[in-house]
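Below are the chains, spelled out letter by letter.
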2 protein chains.
Amino acid sequence: MHSFTEENYLKAIYHLSEGNMEAVSTNQIAEMTNTKAASVTDMLKKLAEKKLINYIKYQGVTLTNTGVNAAVNIIRKHRLWEVFLVEKLGFKWDEVHDIAEELEHINSDTLVNRLDDFLGNPVADPHGDPIPDRSGLIKHKKLVKISDMQTGESGTVSGVSEHSSIFLKLLEKMGLTLGTKIIISELIEFDGSIMLTIDQKTERTISREVAKNILVIL
Amino acid sequence: MHSFTEENYLKAIYHLSEGNMEAVSTNQIAEMTNTKAASVTDMLKKLAEKKLINYIKYQGVTLTNTGVNAAVNIIRKHRLWEVFLVEKLGFKWDEVHDIAEELEHINSDTLVNRLDDFLGNPVADPHGDPIPDRSGLIKHKKLVKISDMQTGESGTVSGVSEHSSIFLKLLEKMGLTLGTKIIISELIEFDGSIMLTIDQKTERTISREVAKNILVIL
DNA sequence: TAATTTGTTTAGATTAATCTAAAAATTTGT
DNA sequence: ACAAATTTTTAGATTAATCTAAACAAATTA
Ligand SMILES: [Mn+2]
Ligand SMILES: [Mn+2]
Ligand SMILES: [Mn+2]
Ligand SMILES: [Mn+2]
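Just so you know, these numbers come straight off a predicted model, no measurement behind them. (Residues numbered from 1 in each chain as written. Chains lettered and ligands numbered in written order. Predicted model: local features only at pLDDT ≥ 70, side-chain atom pairs only at ≥ 80, totals over all residues. Heavy atoms only, no water.)

### Section: the packing of helix 2 (residues 26–33) of chain A against helix 3 (residues 37–49) of chain A
Residue and element names in this part refer to chain A.
Then step 1. Look at helix 2 against helix 3: their axes get within 8 Å of each other, and the N-to-C directions meet at 105°. As summarised for this structure, helix 2 and helix 3 are arranged roughly perpendicular, according to the angle between their axes. Each of Thr 26, Asn 27, Ile 29, Ala 30 and Thr 33 in helix 2 lies in contact with helix 3, whose residues at this interface are Ala 37, Val 40, Thr 41 and Leu 44.
Then step 2. Classifying every residue of the contact of helix 2 with helix 3 gives five nonpolar, four polar and no charged. (Axes fitted to C-alpha atoms, helices over the stretch in contact; angles between N-to-C directions. Helix = DSSP H or I, 4+ residues; strand = E, 2+ residues; numbered from the N terminus. Parallel < 35°, antiparallel > 145°, perpendicular 65-115°, else oblique. Contact = heavy atoms within 4.5 Å. Nonpolar A, V, L, I, M, F, W, Y, C, P; charged D, E, K, R; others polar.)

### Some remarks on the relation of the copies chain B and chain A
Then step 1. Under the fitted operation, chain B is carried onto chain A by 0.0 Å of movement along the axis and a turn of 180°, and the coordinates agree to an RMSD of 0.0 Å. Accordingly, the operation relating the two chain copies is best matched by a two-fold axis. For chain B, the residue whose C-alpha comes nearest the rotation axis is Leu103(B), separated from it by 3.8 Å.
Then step 2. Looking at the interface residues of chain B, 100% of them are also at the interface in chain A, so both copies use one shared face. (Least-squares fit on C-alpha atoms with pLDDT ≥ 70 in both.)

### Some points on the sheet that holds strand 3 (residues 144–145) of chain B
Then step 1. Spatial strand order, 3-8-4-5-6-7 (chain B): six strands in an open sheet with antiparallel pairing. The open sheet has two edge strands with one neighbour each: strand 3 and strand 7 (202–206) of chain B. (Pairing = 2+ DSSP bridges.)

### What to know about the pattern of salt bridges
Then step 1. Tallying each qualifying case throughout the model produces 18 salt bridges over all chains.
Then step 2. Measuring nitrogen to oxygen at the nearest pair gives 3.0 Å for the salt bridge that ties Lys11(B) to Glu101(B). A residue pair is termed long-range when its members are at least 10 positions apart, and Lys11(B) in helix 1 (residues 4–17) and Glu101(B) in helix 5 (residues 97–103) qualify at 90 residues.
Then step 3. Under the relative-accessibility criterion, Lys11(B) is labelled buried at 9%.
Then step 4. When its relative accessible area of 23% is taken as the criterion, Glu101(B) is described as partly exposed.
Then step 5. A single salt-bridge network, built from bridges that share partners, covers Arg76(A), Asp116(A), Asp117(A) and Arg134(A). (Salt bridge = Lys/Arg side-chain N within 4 Å of Asp/Glu carboxyl O. Buried < 20%, exposed > 50% of the residue type's maximum accessible area, 1.4 Å probe, protein only.)

### Topic: the coordination of the manganese ion (ligand 2)
All names here are of chain A.
Then step 1. Protein-derived coordination of the manganese ion (ligand 2) comes from Glu 82 (OE), Asp 125 (OD) and His 127 (ND1), at a distance range of 2.1 to 2.3 Å.
Then step 2. Donor residues binding the manganese ion (ligand 2) come from one chain and are separated in sequence as E-x42-D-x1-H.
Then step 3. On the accessibility criterion, Glu 82 (1% relative accessible area) is buried. (Donors = N, O, S within 2.8 Å, 3.2 Å for Na, K, Ca; no water.)

### Some thoughts on the coordination of the manganese ion (ligand 4)
All names here are of chain B.
Then step 1. Coordination of the manganese ion (ligand 4) by the protein is provided by Glu 82 (OE), Asp 125 (OD) and His 127 (ND1), with metal-donor distances spanning 2.2 to 2.3 Å.
Then step 2. If you list the donors of the manganese ion (ligand 4) from N- to C-terminus, the spacing comes out as E-x42-D-x1-H.
Then step 3. A separation of 3.4 Å is found between the manganese ion (ligand 4) and the manganese ion (ligand 3), which are bridged by Glu 82. Here Glu 82 is found in helix 4 (residues 65–87), whereas its partner His 127 is found in the loop between helix 6 (109–118) and strand 3, with 45 residues between them in sequence.

### Quick notes on the interface of chain B and chain A
Then step 1. At the interface, 19 residues of chain B touch 19 residues of chain A.
Then step 2. When the two sides are added together, the surface that chain B and chain A hide from each other amounts to roughly 1,600 Å², 75% of it contributed by carbon and sulfur.
Then step 3. Together, Leu89(B), Glu102(B) and Arg114(B) form the three largest contributors to the area buried by chain B at its contact with chain A, with a combined 31%.
Then step 4. Mapped onto the side of chain B that touches chain A, the elements with two or more residues apiece are helix 4, helix 5 and helix 6 of chain B.
Then step 5. Examining the composition of the side of chain B that touches chain A, we find that five residues originate from one element, helix 6 of chain B, more than from any other.
Then step 6. Residue composition of the side of chain B that touches chain A, by class: 11 nonpolar, five polar and three charged. (Buried area = accessible area lost by both parts, 1.4 Å probe.)

Set out below in structure tokens:
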């Protein structure tokens, strides 16, 4: 259907347009896909030809409905495979992304749907990101950055906005994995770091930089 | 490491040299990989350059040790994924080959080995073909074609030499799946067809063509 | 063993994805 | 508003994998 490369561009465009409703720029895509702007322009012409994106020279791109569907399907596969790797094969949450980057391109609707059932139709991947259902629907949870919380507020760690292995390993070491309950005990004015209680037991201070990348449900 | 395409050539050469110890010809490879002889020659030069094959112009090729290891590793992955699809996701034995053709190129030793453990270190795939262990060792069973058996002999269906969906579905319909016990009751002289008893119950006649492609352990 | 057939390689193109360098358009800053 | 800076596109090459047609080598067969 679409080549491996085309799929990666669609995914990149999708992720870049999540949240902000504006068109995505050539340079943004080049950075995301580790290519150069000239290569991106070539690919944009091809994707536009295939009606997967809306593209006007110098104006950036948006995905068409077809394009969104294709992108969401790849993301669904990526996240389901990540669940498989963690839940069934015993990988850690910081080890699965690169393998899922390959598995997400395996082409078989039956396979994805059976995998989904085999895993018990999970609603989130190991990093807390929502898994689109087979019709492409995504249930977004209302998540708040720890850095935006006030003293006394409490919540459950339910996602991360930074997926690097080094960050995920750090969270694990600090006991801040998904499902952990936290209460903000103090906001340190000096450097913006945050003191919190983890699972009603441990007291811990985290930097603002870390706090910005941990998402909780209040 | 090696490209998707290179891996497919290595696998083709491996399968073509199984059994017969001779060098494999350009045309054989072209047929197996659905390409033309000229394309094969180009790729052979590249694989020889990488020391994966022994290649002398006009003389055909053999795999080097490195080449054999690479090929066996791909076959290991292919067969493990087939077991996964059948045992865990509920696919039929005639539905898994094409998906495994894609999955076999996923690149992660950890993944393969954990999958192997998850599946309980199976020794054969859904078609009875042996699964190489993590060091590349293959335990071949002594298999005999039904067409080579004599009246009165008995055995257990343990493999097939034809993997097409149409043939596998036929075997299923006839109750000749892996593990089935058979006894040769009569060899029909007229057309070479074979009458046999299945699981001590059913009597059935199969054509010589079918019999040639079913492998049993005596 | 010479002629013919068959199989293999080379020559020259094509397509997808990428790049660098240069040109063109847009945006920014004074 | 216009010059400068930034971004994007075009032009022209490159690499991997493929093809067709033609040249060449090996095997067969008369
Ligand atoms: Mn991921
Ligand atoms: Mn994830
Ligand atoms: Mn197979
Ligand atoms: Mn098989």
